[in-house]
Every structure is written in C-alpha cells, then in structure tokens.
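Chain by chain, the residues run as shown.
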Amino acid sequence: AKDARLRQALSLAIDRQAINDVVFNGAALPGNQWVSPKSPWYQAKFPVPPRDLAKAKQIVAATGAKTPIAVDYMVPNNPETRQVAEVIQAMAAEAGFDMKIRVTEFATSMNEAEAGRFQAYMLNWSGRTDPDGNLYVFQRTGAAQNYSKYASKEVDGWLDEARTKTAVADRMAIYEKVAGQILADNPIIYLYHRPVIIAHTTRLD
C-alpha cells in the first residue's frame, strides 16, 4: 500500500459502473472524488475513470511486485459493504491482487483503522455539503480520520488555504490542485455515492 503505483493499479482494476449496476441496481452514482459528480464542488477536470484492466496489469508488472499481491481488506459487517467488497475482490484478482476480505464489526473496524491494523479499509461516509467536511479530516496530515496516514505538504497547504477563502471561484481553484494531487496519490479510492431520497409535498416552497 505504500507504493502509489499499486494503489493506482487497484483503482484502475475497479469498474465503478459495474459496482453500481450489480450492488445498487443502478440507483447509486459512480464517483472518484469526495463529492458527487452532481455536486457544484465536483472537479469536472477529473472525471470518473473507466476500468482499464490492461493498464492496471501493466503497472503491477512495472512495479516488480510478486503476484498475487495479498491485501488484508477490512470490511465492516453489513450486507451492502460486503457485497461491494466481493465485487472488488473479483475485479482486483484479474489485475493480480488477492483481496483477503476480513469482515469486522463496525466499531471494531474503526478501532483497527485508528491503530493502522489494515492494508485496505472499506468505509462509507455520510457526507458533508461543503467539500472541506469530506476532505480535511481524511486527507490532511495527522487529521483524526486520516486512516491511510497520507501526508503531503502541498495538499496540507492547499487545504489550509481553502479555509481562508469565501469566494466559490477561489476555493474551486484551490480544490482543483488538491484533486490533481490526491487522485494521483490515491490514499483513498473513491467508488460511489449513495442516493438520498427525500419525499415532500408539492405545496412546499
């Protein structure tokens, strides 16, 4: 997991649309960032990548890693997450990864994540409207939920700078730089966004 090339290969081995079709019957939205593609904060310069198994295999071969690459894949114990994990396990195997699913109760998985006792960890996030709430706590060096221990002085500086701006255009320009770096490093591989359905009367303005 310390090799960014292998993280990239794993991401390329995953078909996000297939996960949506198989697990969610097409109701979710494939994603590759910390906000949904429908969010005004989404960085359209970096669209959701299609699966590229040939490139994934090429990258794995270039690293010289011995395959299959065994990965301790910690997954919270709920039907949805387990099913997603099983789909990823099958896809990743074609690129040379042996995703060894370790089903763990949610509270235990959080403790294991905080202690760093995992190689890959499947986690859903309830989401925040503002991108800072989905980024800072996971990606800044030393942040509370930075389970991957990601550390980038450039990203830290951009995240801090974004907190000093109020104009949307200024923040979007900063987050574009963040997206470029994080999507190259892949400390978190974003997969999909679950729908939030709200029913209301037509008389509501």
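What comes next concerns the included structure. (Residues numbered from 1 in each chain as written. Predicted model: local features only at pLDDT ≥ 70, side-chain atom pairs only at ≥ 80, totals over all residues. Heavy atoms only, no water.)

### Observations regarding the packing of aromatic side chains
Now for step 1: Applying the stated criterion across every chain, the model contains six aromatic pairs.
Now for step 2: Consider the rings of Phe24 and Tyr192, whose centres lie 4.8 Å apart with planes at 50 degrees: the pair is tilted. Residue Phe24 is located in helix α2 (residues 16-24), and its partner Tyr192 is located in strand β5 (residues 192-193); the two are separated by 168 residues in the primary sequence. Here Phe24 matches Tyr192 in class, with each residue buried. (Phe/Tyr/Trp six-rings, centres within 6.5 Å; stacked < 30°, edge-to-face > 60°. Helix = DSSP H or I, 4+ residues; strand = E, 2+ residues; numbered from the N terminus. Buried < 20%, exposed > 50% of the residue type's maximum accessible area, 1.4 Å probe, protein only.)

### What about unusual backbone geometry?
Now for step 1: That bond from Thr67 to Pro68 is cis: its omega, 0 degrees, falls within 30 degrees of zero.
Now for step 2: Looking at the secondary structure, you find Pro68 in the loop between α3 (53-63) and β2 (69-76).
Now for step 3: In this model, Asn25 sits at a positive phi of 55 degrees, which is unusual for a non-glycine residue.
Now for step 4: Relative to the helices and strands, Asn25 is located in the loop between α2 and β1 (29-30).
Now for step 5: Overall, Asn25 belongs to the exposed group, its relative accessible area being 72%.
Now for step 6: With phi around 60 degrees, Lys149 is a residue other than glycine that occupies positive phi space.
Now for step 7: Here Lys149 shows up in the loop between α6 (132-139) and α7 (153-162).
Now for step 8: You can call Lys149 exposed: its relative accessible area is 56%.

### A short note on the layout of surface pockets
Now for step 1: Volume-wise, the second largest pocket comes out at about 260 Å³.
Now for step 2: Lining of the second largest pocket is provided by 15 residues; of these, Ser11, Leu12, Pro49, Leu183 and Asn186 occupy positions nearest its centre.
Now for step 3: Secondary-structure elements contributing two or more residues to the lining of the second largest pocket are α1 (4-13) and α8 (168-185).
Now for step 4: Sorting elements by how many residues they give to the lining of the second largest pocket places α1 first, with three residues.
Now for step 5: Taken together, the residues of the lining of the second largest pocket sort by class into nine nonpolar, four polar and two charged. (1 Å grid on protein atoms, 1.4 Å probe; cavity = no way out; pocket = protein on both sides within 12 Å on 5 of 7 lines; lining within 4 Å. Points joined across faces, edges and corners; volume = space filled by probe spheres on them. Nonpolar A, V, L, I, M, F, W, Y, C, P; charged D, E, K, R; others polar.)

### A look at α1
Now for step 1: Across the ten residues that make up α1, a large majority, seven, are buried.
Now for step 2: Those residues of α1 that sit buried are Leu6, Arg7, Ala9, Leu10, Ser11, Leu12 and Ala13.
Now for step 3: Contact partners of the buried residues in α1: α2, α3, β2, α4 (79-93), β3 (97-104) and α8.
Now for step 4: A side-chain oxygen of the first residue of α1 lies 2.9 Å from the backbone nitrogen of Arg5; this N-cap is Asp3. (Contact = heavy atoms within 4.5 Å. Polar contact = N/O pair within 3.5 Å; in protein donor to acceptor, adjacent residues only side chain to side chain.)

### Overview of the sheet that holds β3
Now for step 1: Spatially, the three strands line up as an open sheet ordered β3-β2-β4, and their pairing is parallel. Two strands bound the open sheet, and with one partner strand each, they are β3 and β4 (120-121).
Now for step 2: Where β2 meets β4, two bridges bridge the pair, whose relative direction is parallel. Among the inter-strand pairings, Met74 is bridged to a residue of β4, identified as Tyr121.
Now for step 3: Contacts from α4 reach β2 and β3 within the one sheet, and its direction differs from that of β3 by about 165 degrees.
Now for step 4: Sheet strands in contact with helix α5 (residues 106-115) are β2, β3 and β4, and its direction is about 130 degrees off that of β2. (Pairing = 2+ DSSP bridges. Axes fitted to C-alpha atoms, helices over the stretch in contact; angles between N-to-C directions.)

### Section: the packing of α7 against α8
Now for step 1: In contact at an axis separation of 9 Å, α7 and α8 are set at 155 degrees when each is read in the N-to-C sense. Put simply, α7 runs roughly antiparallel to α8. Crossing handedness for the pair α7 and α8: left-handed. Residues Val155, Trp158, Leu159, Glu161 and Ala162 of α7 lie in contact with α8, whose contacting residues are Arg171, Ile174, Tyr175, Lys177, Val178, Gln181 and Ile182.
Now for step 2: By residue class, the composition of the contact of α7 with α8 is eight nonpolar, one polar and three charged. (Parallel < 35°, antiparallel > 145°, perpendicular 65-115°, else oblique. Left-handed = near helix turned anticlockwise from the far one by under 90°.)

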